[in-house]
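As a plain string of letters, each chain reads:
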Amino acid sequence: MGIRSILSKPLAAWVVKKQEKWTRNPVKTQQQVFLELIKKAGATKFGKDHNFSSIKTFKDFAAQVPVREYEGFKDYIELVKRGTENVLWPGLPLYFAKTSGTTSGVKYIPITKDSIPYHINGAKDALLNYVHTTGKSSFLDKKLIFLSGSPVMEKKQGIYVGRLSGIVNHHVPGYLRGNQLPSFETNCMDDWEKKLDRIVDETINQEMSLISGIPPWVQMYFDNIQQRTGKKIKDVFPSFSLLVYGGVNFSPYKKKLMESIGKEIDTIETYPASEGFIAFQDQPNQSGLLLLLNSGIFYEFIPAEEYGSENPTRLTIGEVETDVNYALVMSTNAGLFGYSIGDTVKFVSTSPYRIVVTGRVKHFISAFGEHVIGEEVEQAMQNTLLKHPEVSITEFTVAPQVTPAGGLPYHEWLIEFISLPADMEQFANDLDQEMVRKNIYYKDLIVGNILRPLVITRIAAGGFINGMKKMGKLGGQNKAPRLSNDRKFADTILNEFPA
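My aim in this report is to walk through the structure given alongside it, one point at a time. What you see as residue numbers is a count from 1 along each chain, following the sequence as written. Given that this is a predicted model, residues contribute local features only at a pLDDT of at least 70 and side-chain atom pairs are listed and counted only at 80 or more, while totals for whole chains, interfaces and linings are drawn from all residues. The basis for every side-chain value is the complete set of non-hydrogen atoms in the structure, without hydrogens or water.

**Focus: the pairing of strand S18 (residues 392-401)**
Reasoning step 1: Of all ten residues that make up S18, nine are buried, and the element is covered over most of its length.
Reasoning step 2: Here the rule is simple: two strands pair whenever DSSP picks up at least two bridges between them. Each helix is a run of H or I in the DSSP string that is no shorter than four residues. Each strand is a run of E no shorter than two, and both are numbered from the N terminus. Relative to strand S19 (residues 410-419), S18 is paired through nine bridges, and the arrangement is antiparallel. Across the sheet, residue Ala 399 finds its bridge partner in S19, namely Glu 412. Burial here depends on accessible area, computed with a 1.4 Å probe over protein chains only, as a share of the maximum for the residue type. Under 20% is buried, over 50% is exposed, and the range in between is partly exposed.

What follows is the structure in structure tokens.
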């Protein structure tokens, strides 16, 4: 064993011990975070505008600070972008994480000297939890691939602006930097396809043990390696033993990824966001991600069906229940207060608090009042694939077809198949029945002959990747929408890349 793997074990034990302390006192922990945030931001423009000096309880806060999406912070962020200090948080942020919003265009999410350590520690602690729980640490002695956005940043009014994964790349701990691939120069490339070719050049002959990235882009990396070598990934990288991922539901990608690897390997799911590092999988092979309650973020949860209403119920950590869909709201030590991140989550455990991400508050289909969400379509697909083991897919998305050329409207499932069903009609029927079981409103529409059963449309190989490329969203942290209430993305790939 090398020095990194040896030293990681006592460090992992120390991190887990600290973690257990706050998981035993979740309500008290969140209360302390809340009071610290209110106190520190009291003298900022936002704090004065919302009378933070009078806030003593969460009830006071909820009365004075409405839930906002990014648009509600835009005026404050514009002030910060001009170099104005003490707007959302004391001083100026160190960084703006630049993201592509679906409704707000480009977003600039502040990251401060107080919040950046938690972005780094979240990923580090996820690995150390794995070491402590499994006893496996030798992967730290070999090469590690991080498929991330470019670390190149521009500086505006004293604030560095870049992609979150690129910002975090600058803070990789020194003891891991010597193992890290690809090179800084390669990471700086903007063209994803050229960058991927260069990453393969730099890694194909290395002793890789860990690969981290969003599943569809990891799959592209694997495909590129297999095209060059004709080998399974396990034969190219015999030491590869751990896949770290986040950003999307893993289930639709797992089968193809493991087939590409050629064996089952361990995985760790993480939940990083530009607004903060929210959760990670602390127990291998168990559903749910440990919600990080001691990481500079105060959480609120709005029952999903109330989201967007005039006076939604705003719950704190001690009030949530398992198996209820909540919109996630955050107040952070980067200066965002009552901020709706746009995700929905469910708790699978309250001792400790573990969540699964169920979708996006604006990624749903409700063209007829059915309000189908991402979790439902993903589970329906997963269950249908179990019934049809001969079938393998690359990607899929779902959109409503409200005005078909003939017949009743329907939900269109655009699927990029690797291997086709033996009976496509039966596959579609099984998929539709899964949706009927998942969503009572969808069932009523089908039974009531308002909708006809779903329709599957095949997309050509590479269609989703090419569609993302056409939309300028190839690589990095970008991912295809699982479903949407309009046809913008669906029509892009359908018109350009039908099978």
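**Focus on the sheet that holds S18**
Reasoning step 1: Overall, mixed pairing links the three strands, which are arranged S18-S19-S20 in an open sheet. Two strands close off the open sheet at either side, each with one partner strand: S18 and strand S20 (455-458). Each strand of the sheet is rotated relative to its neighbour by a mean of 25°, with strand direction disregarded.
Reasoning step 2: Both S19 and S20 contribute to a ladder of four bridges, which runs parallel. Residue Glu 412 lies in a different strand from S20, and its bridge partner there is Val 455.
Reasoning step 3: Across the sheet, helix H14 (residues 374-387) touches S18 and S19, and the angle it forms with S18 is around 135°. Only the contacting stretch of a helix is used when fitting its axis, a line to C-alpha atoms as for every element, and angles between N-to-C directions run 0 to 180 degrees. Here, residues are in contact when the closest pair of their heavy atoms is within 4.5 Å.

**Let's talk about the layout of surface pockets**
Reasoning step 1: Here a cavity means grid points, on a 1 Å grid over the protein atoms only, where a 1.4 Å probe fits yet cannot get out; a pocket means an open set of points with protein on both sides within 12 Å along at least five of seven lines; lining residues are those with an atom within 4 Å of a point. Grid points are joined across faces, edges and corners, and a volume is the space filled by probe spheres set on the points. Counted as a void, the second largest pocket has a volume near 520 Å³.
Reasoning step 2: If you go around the second largest pocket, you meet 20 residues; those closest to its centre are Lys 18, Gln 19, Trp 22, Asp 125 and Asn 294.
Reasoning step 3: Listing elements by their share of the lining of the second largest pocket, those giving two or more residues are helix H1 (3-23), helix H2 (26-40) and helix H6 (116-134).
Reasoning step 4: Broken down by element, the residue count for the lining of the second largest pocket peaks at seven residues, all from H1.
Reasoning step 5: Per-class residue counts for the lining of the second largest pocket are six nonpolar, eight polar and six charged. Each residue gets one label: Ala, Val, Leu, Ile, Met, Phe, Trp, Tyr, Cys and Pro are nonpolar, Asp, Glu, Lys and Arg are charged, and the others, such as Gly, are polar.

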